[in-house]
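# Structural description and commentary
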Amino acid sequence: MAIIRSKIGIIGGGISGIAAAKQLAKYDPIVFEATDCIGGVWKHCSYRSTKLQTPRCDYEFSDFPWTERDNTNFPTYEEILDYLYSYAKHFDVMKFFNFNSKVVEIKFVGDREMNYFGEYGSLLTGNPVWEVAVCNNQSQTIQWYAFDFVVMCMGKYGDIPNIPNFPPKKGPQVFNGQVLHTLDYSKLDQEASTKLMKGKKVVVVGYKKSAIDLAVECAEANQGPEGQPCTMVVRTLHWTVPHYSIWGLPFYLFYSTRASQFLHERPNQGLFRTLLCHMLSPMRRAASKLIESYLEWKLPLEKYGLKPEHPFDEDYASCQMAILPENFFTEADKGKIMFKRTSKWWFWEGGVEFEDNTKLEADVVILATGFDGTKKIKAILPDPFRSLVEFPSGMIPLYRGTIHPLIPNMAFVGYLESVSNLHSAEIRCIWLSRLVDDLFKLPSVEKMLEQITQEMEIMKRTTRFYKRNCISTFSINHSDEICQEMGWQFWRKTNWLAEAFSPYNSQDYAEEK
């Protein structure tokens, strides 16, 4: 079968793949999506209670506002999928998608050696750099494609579940009940998920957003005297937030304005700015304490042993903050959700056992233990590039959250986190499209590695949970630098008061004409 030649290939059809297809549309990219639809994790890793964790105005494309933008309710995953479909159809990007097309292998066929400490040239060389093998899920045939440039939009979540390691003979195989991951659970409809949990002793392992939502669904399925409680096995506590208001103040005032982010360390800030940031650290700690005091007053954290020992700042700086469902602690007060704190656990035939030698009987154990996004990339990238996408910290080292300095003619979108991952994906795709158009040049590889190292060091100093590429405390500065590289004005507001004290969102980065 002959190789199909094209300039740009995009792997993945979630928000990042959609954004990349739209911004690179002039090159008629080919988008490979392993499933039969767009949406990524919103389609394949959501369950009936899954909602966005931010107001909808903070999760929209800059040129396609929500129809009910001022609706304060967090949209459901169905509403988000409708929004993404509307966007894709409005900008006619569906024509670029090849569905049921799973990328199984990538080969480097570049005919030049890259000078690792020199300057990047054009990203569209006119010659193939990557060959991509794609398996059609229906016919099971393999088709090879050749591209000048490849954009990896496979994402960090979904596809490959992160399964804990267990001692010998203490894994799921010894358990007489049912074990599944949230990836499996998300494939169940409402009737099947209710049947799975109703009247059953269910254990949910984890304490992040997916685990919390799952515990509530379990509690709702077990109402009445015959219902069994759901037990959450909690290894690491994180701060949870009931809504976006702290002592009557909007949450964005604490972290999402220029004034609030001025208190936090950021890359390329210089000696004076570093000293000033150190002098202002009491204000930064005070803001974190103010939020913590509200959460301790509002939520029964002490009652259930769920108060973290670390500052709220650290969860926000690592994108770990979760929004609580309204009835989470209501169900806990009714005895329908229970908690078990532990560092280590394993299976026994009747349920799960803990390091304190206590045992918990279970019929169903659901692992809300996340996903292994790096393994997805490593499974298809060839050597020597495979080893470059995984640092000891667990983060992928990317310049502007997009370009790996040592992997030629390839970009990664969707591997950097912020308050709004949609905005992060879109502005990086706008930046990427101008880079491909040769409207600006990348710095030297050495300079890019220096920038990446700075950002990683800041994340490491800011939070103990730095194994996530999270820029939430310096996201505005990050966007400023992207705007500067594109030749845009980086102060995007109409006046200095709004510039200092109003939040930034995608609408502020509408494309300049």
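Residues numbered from 1 in each chain as written. Predicted model: local features only at pLDDT ≥ 70, side-chain atom pairs only at ≥ 80, totals over all residues. Heavy atoms only, no water.

### Brief notes about the environment of cysteine 153
Filter applied, for reference: The secondary structure listing takes helices from DSSP runs of H or I that are at least 4 residues long and strands from runs of E that are at least 2 residues long, numbered from the N terminus. Two residues qualify as a contact provided that any one of their heavy atoms is within 4.5 Å of a heavy atom in the partner residue.
Relative to the helices and strands, cysteine 153 resides in the loop between β6 (142-152) and β7 (178-181). Once the C-alpha coordinates of cysteine 153 and glycine 12 are considered, the two residues, 141 residues apart in sequence, prove to be 4.8 Å apart. Residues in contact with cysteine 153, not counting those within four places in the same chain, are Ile10, Ile11, Gly12, Ser16, Gly17, Ala20, Val413 and Tyr415.

### Brief notes about empty space enclosed by the protein
What counts here: For each structure, a 1 Å grid was placed over the protein atoms alone; sets of points admitting a 1.4 Å probe that cannot get out are labelled cavities, open sets with protein on both sides within 12 Å along at least five of seven lines are labelled pockets, and lining residues have an atom within 4 Å of a point. Grid points are joined across faces, edges and corners, and a volume is the space filled by probe spheres set on the points. Gly counts as polar in this scheme, as do all residues outside two lists: the nonpolar Ala, Val, Leu, Ile, Met, Phe, Trp, Tyr, Cys and Pro, and the charged Asp, Glu, Lys and Arg.
On inspection of all chains with the given rule, the structure shows four cavities of 30 Å³ or more. By volume, the largest cavity is sized at about 60 Å³. Lining the largest cavity we find Ile396, Leu398, Gly401, Leu416, Ile452, Glu455, Met456, Met459 and Asn469. Among the residues forming the lining of the largest cavity, the class breakdown is six nonpolar, two polar and one charged. Estimates place the volume of the second largest cavity at around 40 Å³. Every residue lining the second largest cavity is listed: Gly401, Thr402, Phe412, Val413, Gly414, Tyr415, Leu416, Ser424, Ala425 and Arg428. The element that contributes the greatest number of residues to the lining of the second largest cavity is helix α14 (residues 421-436), accounting for three residues. Tallied by class, residues from the lining of the second largest cavity come to five nonpolar, four polar and one charged.

### Thoughts on the packing of aromatic side chains
Spelled out, the test is: Each aromatic pair joins two rings of Phe, Tyr and Trp (for Trp, the six-membered one) with centres within 6.5 Å, and gets the label stacked for planes under 30 degrees apart, edge-to-face for over 60, and tilted for any other angle. Type-normalised accessible area, obtained with a 1.4 Å probe on protein chains alone, sets the label of each residue: buried when under 20%, exposed when over 50%, and partly exposed for intermediate values.
What the rule picks out here adds up to 39 aromatic pairs. On the basis of an interplanar angle of 15° and a centroid distance of 3.7 Å, the ring pair of phenylalanine 61 and tyrosine 87 is categorised as stacked. Of this pair, phenylalanine 61 sits in the loop between α2 (41-44) and α3 (77-90) while tyrosine 87 is found in helix α3, placing the two residues 26 residues apart along the sequence. For the pair shown, phenylalanine 61 and tyrosine 87 are each scored as buried. Through a chain of ring-to-ring contacts, three or more aromatic side chains come together here, namely Phe74, Tyr244, Phe251, Phe254, Tyr255, Phe312 and Tyr316.

### What about the state of the cysteines?
This is how the line gets drawn: A pair of cysteine sulfur atoms is labelled a disulfide when the two atoms are within 2.5 Å.
Under the definition given, this model contains one disulfide. Between the sulfur atoms of cysteine 319 and its disulfide mate cysteine 470 the distance is 2.1 Å. Between cysteine 319 and cysteine 470, the S-S torsion sits near 75°, and that sign places the bridge as right-handed. Here the residue cysteine 319 occupies a position in the loop between α11 (312-317) and β13 (322-323), and cysteine 470 occupies one in the loop between α15 (445-462) and α16 (475-486), the gap between them amounting to 151 residues. On the basis of relative accessibility, which here comes to 17%, the residue cysteine 319 falls in the buried class. There is no disulfide at cysteine 57, and the cysteine sulfur nearest it, in cysteine 319, is 18 Å away. Residue classification places cysteine 57 among the partly exposed residues on the basis of a relative accessible area of 22%. Unpaired in this structure, cysteine 230 has its nearest cysteine sulfur neighbour in cysteine 218, at a distance of 3.8 Å.

### Thoughts on the sheet that holds strand β8 (residues 202-205)
Note on sheets: strands pair through backbone hydrogen bonds, and any given pair is parallel or antiparallel. Formally: Note on pairing: two strands pair once DSSP finds at least 2 bridges between them. To get an axis, a line is fitted to the C-alpha atoms, and for a helix only the part in contact is used. The angle between two axes follows their N-to-C directions and goes from 0 to 180 degrees.
Strand order in the open sheet made by the five strands is β7-β18-β8-β9-β14, with parallel pairing throughout. Among the strands making up the open sheet, the edge pair consists of β7 and β14 (337-341). Averaged over neighbouring strand pairs, the angle between their axes works out to 20° when direction is ignored. Two elements, β7 and strand β18 (residues 364-367), share four bridges in a ladder whose sense is parallel.

### Some points on the layout of surface pockets
By volume, the second largest pocket amounts to about 610 Å³. Lining the second largest pocket are 27 residues, with Lys51, Phe74, Leu324, Pro325 and Glu326 positioned closest to its centre. Those elements that provide at least two residues to the lining of the second largest pocket are α6 (209-221) and α12 (328-333). Residues belonging to the lining of the second largest pocket are distributed by class as follows: ten nonpolar, nine polar and eight charged.

### Remarks on the packing of helix α1 (residues 15-23) against α14
Put simply, the rule is: Roughly parallel means an angle under 35 degrees; roughly antiparallel means over 145; roughly perpendicular covers 65 to 115; every other angle is labelled oblique. When the near helix sits turned anticlockwise from the far one by under a right angle, the crossing is termed left-handed; a clockwise turn instead gives a right-handed crossing.
Packing of α1 against α14 leaves a shortest axis separation of 9 Å and a crossing angle of 30°. With respect to their mutual orientation, α1 and α14 come out roughly parallel. Between α1 and α14 the crossing geometry is right-handed. Residues Ile15, Ser16, Ala19, Ala20 and Gln23 of α1 pack against Asn421, Leu422, Ala425, Glu426, Cys429, Ile430 and Ser433 of α14. Of the residues contributing to the contact of α1 with α14, the split by class is seven nonpolar, four polar and one charged.

### Looking at the sheet that holds strand β17 (residues 359-361)
Read across the open sheet, the three strands follow the order β15-β16-β17; overall the sheet is antiparallel. Lying at the two open borders of the sheet, with one neighbouring strand each, are β15 (345-348) and β17. Within the sheet, the average angular offset between the axes of one strand and its neighbour, ignoring direction, is 30°. Taken together, the four bridges between β15 and strand β16 (residues 351-354) define a ladder with antiparallel strand orientation. From the neighbouring strand, tryptophan 348 faces β16, where its bridge partner is glycine 351.

### Structural notes on a nonpolar patch on the surface
Our working definition: To count toward a patch, a residue needs a relative accessible area above 30% and no salt bridge. Like charges then connect within 9 Å, nonpolar side chains (Val, Leu, Ile, Met, Phe, Trp, Tyr) within 5 Å. Computed by Shrake-Rupley with a 1.4 Å probe, the accessible areas treat only the displayed protein chains as cover when residues are assessed. Here, a salt bridge means any side-chain nitrogen of Lys or Arg that lies within 4 Å of a carboxyl oxygen of Asp or Glu.
A cluster of nonpolar residues, Trp247, Leu249, Tyr252, Leu253, Leu290 and Trp297, forms a patch on the protein surface that exposes about 580 Å² of accessible area. Only α7 (252-255) and α10 (281-298) provide two or more residues apiece to the nonpolar patch. Considering the arrangement of structural elements, one finds leucine 249 in strand β12 (residues 249-250). Relative accessible area serves as the criterion here: at 38%, leucine 249 is assigned to the partly exposed category.

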